[in-house]
Amino acid sequence: MAAKQIPVFDYMICVACGLCDQACPVSCLELSKCDVDAYKKAYPVLAAEQRCIGCAICEKACPVEAIQMADRVA
Amino acid sequence: MKGYVGKVLFVNLSSGEIRAESVPDAVYEQYLAGVGLGAYFLYQHIPAGADPLGPENMLGLVSGLLTGTPGFMTGRWLAVCKSPLTGGWGDANCGGTLAPAIKQCGYDAIFFTGAAAEPVYLYVDQRRAELRPANHVWGLDAVEAEQILQKENWKAKKPDVAVIGTAGENLSLIAGICNDGGRMAARSGVGAVMGSKRLKAVVLAGVKPIGCQDPATMKKYSKQLAARVRKQNVPGLVRGGLFPLAGRMLSRMKKTAPLDGFMTVMLLKKWGSIMNNGMGATSGDSPIKNWRGSVVDYDASHYRNINPDHIVRRETRKYHCAGCAVGCGGIVDIRDIHGGEFTHTHKPEYETCASFGGLVMNKDLGTILYINELLNRAGMDSISAGGTVAFAIECYENGILTPEMTGGLELSWGNAAAIVELVKRMIARQGIGDLLADGVKAAAAKLGSRSSAYAVHAGGQEPGMHDSRMDPLLGLHFSADPTPGRHTIGSGQYYDILHLWEKVSWAPPGLSHLKDEDYVASEEAGVKSVACSCYKEVLDGAGGCYYAMLMGVNNWDLFKYLEAATGWGKTADEYMEIGKRIQTLRQMFNIKQGIDPWQFKMSSRMIGEPPLQAGPLKGRTVPIDDLMRVHWKTFGWGENTGIPTPETVAGLGLDALQAEGV
Ligand code: SF4
Ligand code: SF4
Ligand code: SF4
């Protein structure tokens, strides 16, 4: 069963620190979005949405509150 | 939760016994986590005179108190042990994702004693810890072994892996421990200790969230910092090629003054530590030609090839340690080098560019990038390896090493092909490489006394790539730290950047002053160096990054973060007292292990005896004996012995440990 809620990232706030990726208990995030800034910093994406359990651990771990849990669009 | 977990894991590799132990809160209040927790246990557990490569040595992987909390730049772990390189306290620091992974398993630290009969790895998650056979990955390099172990153990969370390469397996005394594809806790020979225990790797797959007292306040601080970091950008016109000019200007300045460390953020964001390539040569910071040359030798025709822009151009993405807002790391494409043997490598650090650049007079950037990957995979320290290659070249130049001994390798300055081949032989312990694989001190002991003049080290450890003749307090830390030869502890310049006087009552204000004054062993020099030492131990107890330290406490306030995480209600002075306790305990560790602190005094070349005849540091000599005395005295250690006095030991509450430990 896929989760009801999934994380959504605000790349205007996110600093690509990777703590969300590290905290995720099922490693469904990936630091692979490198087109946000000119530095080629690797920002997080929900790479394996089907594995996400909607636990919001990533949201809680983020130091700058760049993650919001949102309803999954079917 | 107050940032720390409150539990550590002990693994006896001889008996296979694994046991978790709760650690009282009072221990964290006195030692923090990280290096402090390491010192607390190692001092008690390692018997005097223990063979660093024997089963009695204890190896710890320790995570910082702030690691994994919302405190930015606190994702650093350390390997701690008795160092086979110096015979005293050993530690090595690394980032990546391993530091939080230790705590996610439910431990602040994992300690190993004994030695396994056959190669093993330790698997840990939040429910179990078990030793498993590692024969299938023994003999593989650190990157290959990590990939295999990660794949095998990836059930839900992708595991993090600490692993040695072949250098650690071969007990090279300059071997480190790797994680995240070749990042390395490189110093002190920690990889040899892991190899001696036949422990190939530690696989961490825990998923426990890491809590702290007041996450909202920590996030508030981090948001403020993140906003400032985001705005801190290098103007488009500034190019790497301009840095040597800046270095030249620096070298001509007669005065020095406090600096705002936040400036470094933009340089780190764009280039990382390699911003100092070239600039280090012209300012005098980079040691050249095994510490006997200068920019007169390693001139523009050399250093322009290691312009940081040439490296950043190869970057495919940046790389951050977990929890870092700055991100000084990167992944660089090297498919065009050495027949495409490797696709990519971690962006080399300045240290590697200097140790395989100016130190050996090499101007071929491709060689540096290639060696960077060779060493990352082998798990061999690039600072020590470069220092040892420079030593070998000078021995060859002076007929101590002959073509017969080198197997035909022509070890001349800047001979890139020969340098690559020598590094490969050191990794494989093949031919002359076997003699050199344990660093300069061990090699000089085998080659005879004539070679010792070329063996540049402090207490057996090859120094970081920053010239003590440019900054005498740096030389003091090279010589007086319980882990000698380290450039990351303190210096006059660091002191001016740290701005500790804004938080710590006894730290003297940084004032504009003549550079010449730094070459006097004044009482103030003692206070400054003690302040740097104490602060560094607090940093390493918290898991903080060296570059966060160099932002200054006016920009990255470690004390504020610690308070929000723990709610202890301690002042900056009280945290500095913890730093003093940890540093004194590390020194006590050395005394217990029979080290005479004078043994760690840096080599004559690093002192400037005789002084250089050319370049920006011409004529400079560091009054090292007097500096060591004033430093020890200010610490409350014997002025002439470096041994912590009974009053200091008791005043820091270390007397009970001493009674138990010795
Ligand atoms: S909600 Fe949970 S499972 Fe989903 S990405 Fe975040 S941490 Fe991972
Ligand atoms: S934890 Fe927050 S700031 Fe860090 S990468 Fe994830 S979303 Fe971005
Ligand atoms: S500044 Fe660099 S070394 Fe320090 S935490 Fe950030 S990425 Fe890691």
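This is a predicted model, so every value here is computed, not measured.

What counts and how
Residues numbered from 1 in each chain as written. Chains lettered and ligands numbered in written order. Predicted model: local features only at pLDDT ≥ 70, side-chain atom pairs only at ≥ 80, totals over all residues. Heavy atoms only, no water. Helix = DSSP H or I, 4+ residues; strand = E, 2+ residues; numbered from the N terminus. Contact = heavy atoms within 4.5 Å. Areas by Shrake-Rupley, 256 points an atom, 1.4 Å probe, with all protein chains shown as cover. Lys, Arg positive; Asp, Glu negative; His and termini not counted. Charge placed at Lys NZ, Arg CZ, Asp CG, Glu CD. Near = heavy atom within 4 Å. Nonpolar A, V, L, I, M, F, W, Y, C, P; charged D, E, K, R; others polar. Pairing = 2+ DSSP bridges. Axes fitted to C-alpha atoms, helices over the stretch in contact; angles between N-to-C directions. Buried area = accessible area lost by both parts, 1.4 Å probe. Salt bridge = Lys/Arg side-chain N within 4 Å of Asp/Glu carboxyl O. 1 Å grid on protein atoms, 1.4 Å probe; cavity = no way out; pocket = protein on both sides within 12 Å on 5 of 7 lines; lining within 4 Å. Points joined across faces, edges and corners; volume = space filled by probe spheres on them. Domains from an automatic or database assignment.

Asker: Sorry if this is basic, but what is going on with the overall build of chain B here?
Answerer: In terms of regular secondary structure, chain B is built from 28 helices and 17 strands. Its C-alpha atoms put chain B at 55 × 55 × 50 Å along the principal axes. Residue pairs at least 24 apart in sequence account for 72% of intrachain contacts in chain B once pairs closer than 6 positions are excluded. Surface accessibility of chain B: about 20900 Å² in total, with carbon and sulfur atoms responsible for 53%. Distance between charge centroids for chain B: 6 Å, based on 67 positive and 66 negative side chains.

Asker: Explanation requested: the site of ligand 1 in the structure shown.
Answerer: For ligand 1, the set of nearby residues contains 13 residues, the closest of which are Cys 24, Cys 52, Cys 55, Ala 56 and Cys 58 of chain A. Taken together, the residues that form the shell around ligand 1 break down as twelve nonpolar, one polar and no charged.

Asker: How do you make sense of the site of ligand 3 when you look at a structure like this?
Answerer: What surrounds ligand 3 is the set Met 73, Arg 76, His 320, Cys 321, Cys 324, Gly 327, Cys 328, Cys 545 and Tyr 547 of chain B. For the shell around ligand 3, a count of residues per class yields six nonpolar, two polar and one charged.

Asker: I'm lost on the sheet that holds strand 5 (residues 89-94) of chain B in this one. Help?
Answerer: Backbone hydrogen bonds hold the strands of a sheet together, and the pairing may be parallel or antiparallel. Residues and elements named next belong to chain B. Here six strands make up an open sheet; going across it, the order is 2-1-6-3-4-5 and the pairing mixed. Across the chains shown, the open sheet's two edge strands, defined by having one partner strand only, are strand 2 (18-22) and strand 5. Neighbour to neighbour, the strand axes of the sheet diverge by 20 degrees on average, direction disregarded. Bridge analysis of strand 1 (residues 7-12) against strand 2 gives five bridges, and the strand direction is antiparallel. The partner of Val 8 across the bridge, within strand 2, is Glu 21.

Asker: Whenever I open this one, the interface of chain A and chain B confuses me. Can you help?
Answerer: Often, the extent of an interface is quoted as the loss of accessible area on bringing the components together. Chain A puts 28 residues into the contact, and the matching count from chain B is 37 residues. Note on chain A versus chain B: buried area summed over both sides is about 2400 Å², and carbon and sulfur give 53% of it. Its largest share of buried area at the contact with chain B, chain A owes to Gln 22, Tyr 39 and Pro 63 of chain A, together 29% of the area lost on that side. Where chain A packs against chain B, one counts one salt bridge. Elements that contribute at least two residues to the side of chain A that touches chain B include exactly helix 1 (19-23) and helix 2 (57-61) of chain A. Here the residues of the side of chain A that touches chain B sort into 20 nonpolar, two polar and six charged.

Asker: Is there a simple way to think about the layout of surface pockets in this case?
Answerer: Rolled over the atoms, a probe with the dimensions of a water molecule shows which regions are left empty. Taken as a whole, the second largest pocket spans an internal volume of roughly 1100 Å³. Contributing to the lining of the second largest pocket are 43 residues, with Gln 150, Lys 158, Asp 180, Arg 317 and Tyr 319 of chain B lying nearest its centre. Residue assignment for the lining of the second largest pocket shows that the elements contributing at least two residues are helix 1 and strand 2 (29-33) of chain A together with helix 4 (142-153), strand 14 (315-319), strand 15 (329-333), strand 16 (344-346) and helix 14 (365-378) of chain B.

Asker: Is there a simple way to explain the domain arrangement of chain B in this structure?
Answerer: All names here are of chain B. In terms of domain boundaries, chain B breaks down into domain 1 (7-204), domain 2 (236-242 + 255-454) and domain 3 (472-661). Domain 1 and domain 2 are separated by 27 Å when their C-alpha centres are compared. Taken together, the contact between domain 1 and domain 2 spans 34 residues of the former and 27 residues of the latter. Buried surface at the junction of domain 1 and domain 2, summed over both partners, amounts to about 2300 Å²; 54% is from carbon and sulfur atoms. When the area that domain 1 buries against domain 2 is broken down by residue, the three leading residues are Ile 174, Arg 183 and Arg 187, summing to 27%. The tally of links from domain 1 across to domain 2 stands at two salt bridges.

Asker: Would you mind going over the sheet that holds strand 15 of chain B with me for this structure?
Answerer: Residues and elements named next belong to chain B. If you trace the three strands from one edge of the open sheet to the other, you get 14-15-16, paired in antiparallel fashion. For this open sheet the edge positions go to strand 14 and strand 16, each flanked by a neighbour on one side alone. Across this sheet, the average inter-strand angle for adjacent strands is 20 degrees, counted without regard to direction. Bridge analysis of strand 15 against strand 16 gives three bridges, and the strand direction is antiparallel. Bridge pairing in strand 16 places Ile 331 opposite His 346. This element, helix 14, spans strand 15 and strand 16 of the sheet and lies at about 75 degrees to strand 16.

Asker: Explain empty space enclosed by the protein to me, please; I cannot follow it from the model alone.
Answerer: Applying the stated rule across the entire model yields seven cavities of 30 Å³ or more. Roughly 80 Å³ of internal volume is contained in the largest cavity. For the lining of the largest cavity, the class distribution of residues is 13 nonpolar, one polar and no charged.

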